[in-house]
Amino acid sequence: MAAQRDKSRTIPGTTVFDGAESRKGYRINKFAMSFTKPENRTAFTADEEAYMESWSLSDPERQFLRDRDYRGLIEECGGNIYMIMKLGTCTGHGLYHVGAQLRGQTFEEFMATRTASGAR
Amino acid sequence: MAKIVGGIGTSHVPSIGKAYDMGQQEEPDWKPVFDAYKPVQKWLVDLKPDVAIVVYNDHGSSMFFDKYPTFAIGAADSYPIGDEGWGPRPLPDVPGNPEFSWHLAEELVYNEFDMTVCQELSVEHGFLVPMNLCFPHEPSWPVKTVPIAINVIQHPLPTALRCYKLGQAIRQAVEACEDDLRVVIFGTGGMSHQLNGARFGHLNNAFDNDFLDKIESDPLALTKLTHQQIMEEAGAEAVELIMWLTMRGALSDDLTRVHRNYYAPMTTGMGLIALEENA
Ligand SMILES: [Fe+2]
């Protein structure tokens, strides 16, 4: 059986979403998945603290969320990018805002690296 | 007898769906994407498929990590438009062909591909963007569909070779159906992209174009790629490309390439290839 992953070769700047990440991120990802229901988006928008409390999020998860710190949610808390994206309707932050944070750039700096940024 | 008449490899980038819904098809940075699909739409009109098998992955719309199937097949009368967190897209529900789905499920499982059968399934950008780009759909879709979902988001993923073999088994299963159905199969996702970490936005045009070459002429070479190799070269999320191998495994080697395109405006290599069976 050919090894599909070589864990001795970490890929710089990359998190591979595997079992360890999925366990670590289970709560924040399930929380984010709840945003696929409009009533939950409404509840979060009405009272963010109460909605986070209802999911028993950890203190770091709540603080990253208050700060709109997506790097923290993904890299510290095990957030899966596809789940974290679901917060966007409520936070107003789309993929490229999140991506710029992950790269340590401003949105404008990141956009300047793209070849046809009108296709956003 | 049912038969596969063509295959399409295509990216399924969600922003394309949003741009479509906002009517941005003619905007200069979007136009190359939408224009690329026009000859494929025309080809499909002439090809007259009855069914589209769409190999895609669910990005957290109908499936979550509480139970995330490695291989799943839809077997519903109709597939509603999913809510991925920003409300369902304004598209008509997509018709299924549950008898054909159950036939495929039976053949595949007895052929040792253990599919999860889904009788309730909403579909999302992985499925809808390719369908949206390739078929007119007002007021309704011109084909029935069979969604086939593959886990490409939570490792361990099925291997590239396994995905190719699934395609071969799909071909056998289609040909074992006595109904006269003309079937096209879609392999979706990719191409190069990475959506996490400091390497967010990584692209590899050379890798993508080589993949487009080989998916047509030497797919067996691609089945040897490991997830590690794909992720290192083309980005963590580029592993979606293994779903193109399921499409290719369902085709013969007697093919005509009808169309090919590549465009990488933002964070994803948007690839397209259309292959028609000669026989
Ligand atoms: Fe995808």
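Undergrad: Mind laying out the overall build of chain B, listing which residues take part and the relevant values?
TA: When helices and strands are counted, chain B shows nine helices and 10 strands. Rg of the C-alpha trace for chain B: 17 Å, near the compact-globule value of 19 Å for 279 residues, within the 12% margin. Counting every position in chain B, which comprises 279 residues, the buried fraction comes to 66%. Looking at chain B alone, contacts between residues at least 24 apart form 80% of all its contacts between residues at least 6 apart. With an accessible surface of roughly 9,800 Å², chain B has 49% of that area assigned to carbon and sulfur atoms. In chain B, which carries 19 positive and 38 negative side-chain charges, the distance between the mean positions of the two groups comes to 6 Å.

Undergrad: Explain the packing of aromatic side chains to me, using residue names and the numbers behind them.
TA: Under the counting rule described, the total for this entry stands at 21 aromatic pairs over all chains. When the centroid spacing of 6.3 Å and the interplanar angle of 85° are considered together, the rings of Phe44(A) and Tyr51(A) count as edge-to-face. Taken together, the ring pairs connect Phe17(A), Tyr26(A), Phe64(B), Phe65(B) and Tyr68(B) into an aromatic cluster.

Undergrad: Tell me about a negative patch on the surface, and name the residues and values.
TA: Negative charge collects at one region of the surface, where Asp50(B), Asp77(B), Glu99(B), Glu178(B), Asp179(B) and Asp180(B) lie side by side. Secondary-structure assignment places Asp77(B) in the loop between strand 3 (71-74) and strand 4 (78-79).

Undergrad: Go over the interface of chain B and chain A with me, naming the residues and quoting the values.
TA: Counting from both sides, the interface comprises 43 residues of chain B and, opposite them, 45 residues of chain A. Approximately 3,900 Å² of surface area, both sides summed, lies buried where chain B meets chain A, with 58% of it carried by carbon and sulfur atoms. Our count for the contact surface shared by chain B and chain A stands at two salt bridges. A salt bridge links Arg9(A) to Glu232(B); its shortest N-O distance comes to 2.5 Å. Across the chain B-chain A interface, the total number found is 27 residue pairs in polar contact (both at pLDDT 80 or more). Among the elements that make up the side of chain B that touches chain A, the one with the highest residue count is helix 8 (residues 227-234) of chain B (four residues). Of the residues contributing to the side of chain B that touches chain A, the split by class is 17 nonpolar, 18 polar and eight charged.

Undergrad: Let's hear about the pairing of strand 3 of chain B: which residues, and what values?
TA: Residues and elements named next belong to chain B. Side-chain alternation along strand 3 places Phe71 and Ile73 on one buried face and Ala72 and Gly74 on a second face that is also buried. As paired strands, strand 3 and strand 7 (residues 144-150) are joined by three bridges and run antiparallel to one another. When the sheet's bridge partners are listed, Ala72 is paired in strand 7 with Ala149. Here strand 3 runs beside strand 6 (residues 116-118); their pairing, made up of three bridges, is parallel. Paired with Ala72 across the bridge in strand 6 is Thr116.

Thresholds applied
Residues numbered from 1 in each chain as written. Chains lettered and ligands numbered in written order. Predicted model: local features only at pLDDT ≥ 70, side-chain atom pairs only at ≥ 80, totals over all residues. Heavy atoms only, no water. Helix = DSSP H or I, 4+ residues; strand = E, 2+ residues; numbered from the N terminus. Rg over C-alpha atoms; globule rule 2.2 N^0.38 Å. Buried < 20%, exposed > 50% of the residue type's maximum accessible area, 1.4 Å probe, protein only. Contact = heavy atoms within 4.5 Å. Areas by Shrake-Rupley, 256 points an atom, 1.4 Å probe, with all protein chains shown as cover. Lys, Arg positive; Asp, Glu negative; His and termini not counted. Charge placed at Lys NZ, Arg CZ, Asp CG, Glu CD. Phe/Tyr/Trp six-rings, centres within 6.5 Å; stacked < 30°, edge-to-face > 60°. Patch = residues over 30% accessible without salt bridge, like charges linked within 9 Å, V, L, I, M, F, W, Y side chains within 5 Å. Salt bridge = Lys/Arg side-chain N within 4 Å of Asp/Glu carboxyl O. Buried area = accessible area lost by both parts, 1.4 Å probe. Polar contact = N/O pair within 3.5 Å; in protein donor to acceptor, adjacent residues only side chain to side chain. Nonpolar A, V, L, I, M, F, W, Y, C, P; charged D, E, K, R; others polar. Pairing = 2+ DSSP bridges.

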